[in-house]
Every structure is written in C-alpha cells, then in structure tokens.
2 protein chains.
Amino acid sequence: MKLYLVTDEKACLGRDLFWVVEEAVLGGVTLVQLREKNLGTQQFIEKAIRLKALLEPYKVPLIINDRVDVALAAQADGVHVGQQDLPYTEVKKMLPEHYMLGLSVETKKDVQEAEAWELSYLAVSPLFNTPSKTDTAPAWGMEGLRWVRANSRHPLVGIGGLNAVKAAEAVSQGADGIAVISAICSAESPRRAAQILLKSITNAALNP
Amino acid sequence: MKLYLVTDEKACLGRDLFWVVEEAVLGGVTLVQLREKNLGTQQFIEKAIRLKALLEPYKVPLIINDRVDVALAAQADGVHVGQQDLPYTEVKKMLPEHYMLGLSVETKKDVQEAEAWELSYLAVSPLFNTPSKTDTAPAWGMEGLRWVRANSRHPLVGIGGLNAVKAAEAVSQGADGIAVISAICSAESPRRAAQILLKSITNAALNP
C-alpha cells in the first residue's frame, strides 16, 4: 500500500477510467481501490471484474469500497470501509481470511477502537483538506498523523490533499503509504504523476 | 408471501415509514421488503435492524432489496434481487441456508433460467405498468402471468400496478401472492388497504 490509487470517474476529466488506472499502475501504483457511489450493483460488479482483470497481470491488488457483496462477487482482493459503512464485525463475518480489509479513521476514538481489530491498514482520513471529498471530518494534519502512528499497531495510509511534497512528509512522519485520488486521476499524465509520487515517498522512506 | 409489502419512503406521503409498515402488518401484510436506493450503508443497516425489530413480534419476515451484505448485517430473513443486482450464484455463495431468496423476472428467458435455481419465489415484474417504477421492462399482463405459471416450478408473486380487483385476478390466474408498494404505502389507511387486498386475494384463492 505504498502508493494507493482510489478511483473517481469524475476526477478523470472525461478520460477512460481503465486507461487512467493502467497508466497509473505503469507509473508505480501498488494498490487500487474502486469507489462507486452511484452505480447499480451489476454495473459495479462488471466494472470491478474488468478492473481486476486489468490489474491481475501487474500483481496489483484490487480493493472495493464499502460493498463486501461486490468484492466477493468480483473476486477482488479486499474491501475498504469507512466509519459510515458496514461495521467491522459484520464485514469480518462475511469476508474470507485472505481478503484485505482497510478502515478509514477520522477520530482518535476510531483509532483506539481499531486496535482490537484485524486490519490490513488504517486510512488516516483526511490527512489534509481535499477538493475530492467535501463531506469529510476535520483534517488530521501532520501532528494528527504522528499521534495515530504512536497509538496504532496497524500500517497507516495517509489520504486527502496529498501532492508529492506532502506525500513525502507524510511518509517521513510515519505513514507506510499514501493514497491519492485527484493527484493521479486528474493529472495530465497519470503515469508520470504516479512516478513522481512514488519517487518522492521512496526517497522519504530511505531518508527519514 | 401472500400479501407482500415493498417499502418506498417516497410513496408514504410524508408519513413515518415504520408507522406505515406496522399499520400494514396489522392489516394483514405477510412479508415486507425494505428497498433503499439512496441510503448510505450504515443508515440502511440501521433502518433494517429497526424494521426487523418491529416485524419480529408479528412473525413477519423482512427481506432486503439487493444488498446481501446489509441483509446479513441486519440479520434479516432474506434477500430480493432483480436482474440488475448481484448474480444468483454469487448471492447463493454468501447467503446462509435458511435465508429466503427472491428474484424478479422480466422476460421469459429470466423465467427459464431460474428453473435451475433454488428460490423462495419469483416476482413477476411488472405485472402491470405502475407509477412507482418507471424504468421497468414491458408489463407481463395476465397472459404473461399464465405463461410464467405454466413454465415455472417456483412460487409466484405478481408485482406492479395492482389494486384489489387486479390482485384477485392475479391470484385466480396462478399467482401465489401479490406485492404492492403504493397501494398500501400511499393509502389513506395502510391498515385498511392491506385488509381489503388480503380479503380480495383470499376470496380469489378460495374461488378460483
């Protein structure tokens, strides 16, 4: 989950989502989340299956946002849930052992509660304010990220308002990876944007 | 599934959905489906849990539309899927044995395909054109219903544009039950509307 792409069709500036994702993967994206809030179930599954087939040869896992049923039907690699989605215990009941499970944390209470759970990562959300999502909780900021790092045993992914500079800073402050939407989806070259982000966080990890 | 209520908050004319459902159950509704297309997952689950608690004392099962994950999280009694929802085989994989599973059939091909499947019922949809749903397939009509009866081994529920007279006709032509939305949700007295519908279809079943 070093460089995690969360999809948003609207952020792709009219370009094909599958093209954007493949370019991003060629640029170094290591994990992809399909997020769809307005698609019918069958269309959502079809999109997930197509994305899974695209990612498989690159060994990049596919995470589905919110919908455990869609993740299972599409044989994706994991599920990401927010605080307003399915509760952890219910997801765990439905999800086979080998599936990844990520959780967004928006408050210190969320982080503390998650200590008891088996999770693949926590998404520290939003790390900064972002144009992609406006209904979010207050941003954690770097100080918040350090607090989460000190109080969580889980791998951490920073999300929200990250560019190459801030991404590097997040990694140097304890994030194991960063997740982006518009920084890649809306970039003129998603491949180049991914390369720059990856280089930036790799350097930050080597020289903390 | 003799008298099956499919909920639609918008059809309730501003009245509380839980009040409408309880009145309908007191009037004789035997099965309730919660259908929500625009709620977040957690809100959907909360509504389902509240509805399940309301229905439990009446021994009226709760069916969840489309979302297998929500049905499991809310410990509902079953799932209803349409042709645009999760595919049958995927639903079956996720759903414990004792859960009900209903399927909407819109074409003769849908009916024939469903012969190989284990289903609690087929919803013959729409039986007539209806104001509640405008994105539907062509209506089956009574001739279509007779064709489905002759070509399906499953219990049949007619849905779409049914009033007490048409409901009786549907039952006399082979439907095991009828499902309604606005005929109950939008009635001045949902309880009285349910009583009239139930009486009408019970008479029709006794005197085919």
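Thresholds, definitions, all that
- Residues numbered from 1 in each chain as written.
- Chains lettered and ligands numbered in written order.
- Predicted model: local features only at pLDDT ≥ 70, side-chain atom pairs only at ≥ 80, totals over all residues.
- Heavy atoms only, no water.
- Helix = DSSP H or I, 4+ residues; strand = E, 2+ residues; numbered from the N terminus.
- Rg over C-alpha atoms; globule rule 2.2 N^0.38 Å.
- Buried < 20%, exposed > 50% of the residue type's maximum accessible area, 1.4 Å probe, protein only.
- Contact = heavy atoms within 4.5 Å.
- Areas by Shrake-Rupley, 256 points an atom, 1.4 Å probe, with all protein chains shown as cover.
- Lys, Arg positive; Asp, Glu negative; His and termini not counted.
- Charge placed at Lys NZ, Arg CZ, Asp CG, Glu CD.
- Pairing = 2+ DSSP bridges.
- Axes fitted to C-alpha atoms, helices over the stretch in contact; angles between N-to-C directions.
- UniProt positions renumbered as here; feature names shortened; annotations may be inferred.
- Least-squares fit on C-alpha atoms with pLDDT ≥ 70 in both.

1. Observations concerning the overall build of chain A
Part 1: Per the secondary structure count, chain A includes 9 helices and 8 strands.
Part 2: Its C-alpha radius of gyration of 16 Å places chain A within 12% of the 17 Å reference for a compact globule of 208 residues.
Part 3: Overall, the C-alpha framework of chain A stretches about 40 × 40 × 30 Å when taken along its three principal axes.
Part 4: For chain A, with 208 residues in total, the buried portion stands at 56%.
Part 5: Within chain A, contacts between residues separated by at least 24 positions form 59% of all contacts whose residues are at least 6 apart in sequence.
Part 6: Counting only carbon and sulfur atoms, one obtains 51% of the accessible surface of chain A, whose full area is about 9100 Å².
Part 7: If the 22 positive side-chain charges of chain A are averaged to one point and the 24 negative ones to another, these points end up 4 Å apart.

2. Let's talk about the sheet that holds strand E1 (residues 3-6) of chain A
Residue and element names in this part refer to chain A.
Part 1: Read around the closed barrel, the 8 strands follow the order E1-E2-E3-E4-E5-E6-E7-E8; overall the barrel is parallel. Across the sheet, the mean angle from the axis of one strand to that of its neighbour is 25 degrees, orientation sign disregarded.
Part 2: Of the strands in this sheet, E1 and strand E8 (177-180) are in contact with helix H9 (residues 190-206), which crosses E1 at around 145 degrees.

3. Examining the side chain of Thr41 of chain B
Part 1: Along the polypeptide, Thr41 of chain B turns up in helix H2 (residues 41-55).
Part 2: Residue classification places Thr41 of chain B among the buried positions, given a relative accessible area of 2%.
Part 3: Beyond its immediate sequence surroundings of up to four residues, Thr41 of chain B is in contact with Asp66, Gln84, Asp85 and Leu86 of chain A together with Arg67 and Val70 of chain B.

4. Some remarks on the UniProt feature "binding site: 4-amino-2-methyl-5-(diphosphooxymethyl)pyrimidine" (unreviewed entry) in chain A
Residues and elements named next belong to chain A.
Part 1: The feature "binding site: 4-amino-2-methyl-5-(diphosphooxymethyl)pyrimidine" (unreviewed entry), as given by UniProt, occupies Gln33, Leu34, Arg35, Glu36, Lys37, Asn65, Ser104 and Lys133 in the numbering adopted here.
Part 2: Looking at the element boundaries, Lys37 is found in the loop between strand E2 (31-34) and helix H2 (41-55).
Part 3: Looking at the secondary structure, you find Asn65 in strand E3 (residues 62-65).
Part 4: Setting aside its immediate chain neighbours within four residues, Asn65 contacts Gln33, Leu34, Arg35, Lys37, Phe44, His80 and Asp85.

5. As for the relation of the copies chain A and chain B
Part 1: Under the fitted operation, chain A is carried onto chain B by 0.0 Å of movement along the axis and a turn of 180 degrees, and the coordinates agree to an RMSD of 0.0 Å. In the structure described here, the two chain copies are related by an operation that fits a two-fold rotation axis. Among all C-alpha atoms of chain A, that of Asp69 of chain A lies closest to the rotation axis, at 2.9 Å.
Part 2: Comparing contact sets, 100% of the residues at the interface of chain A also lie at the interface in chain B, consistent with an isologous, same-surface contact.

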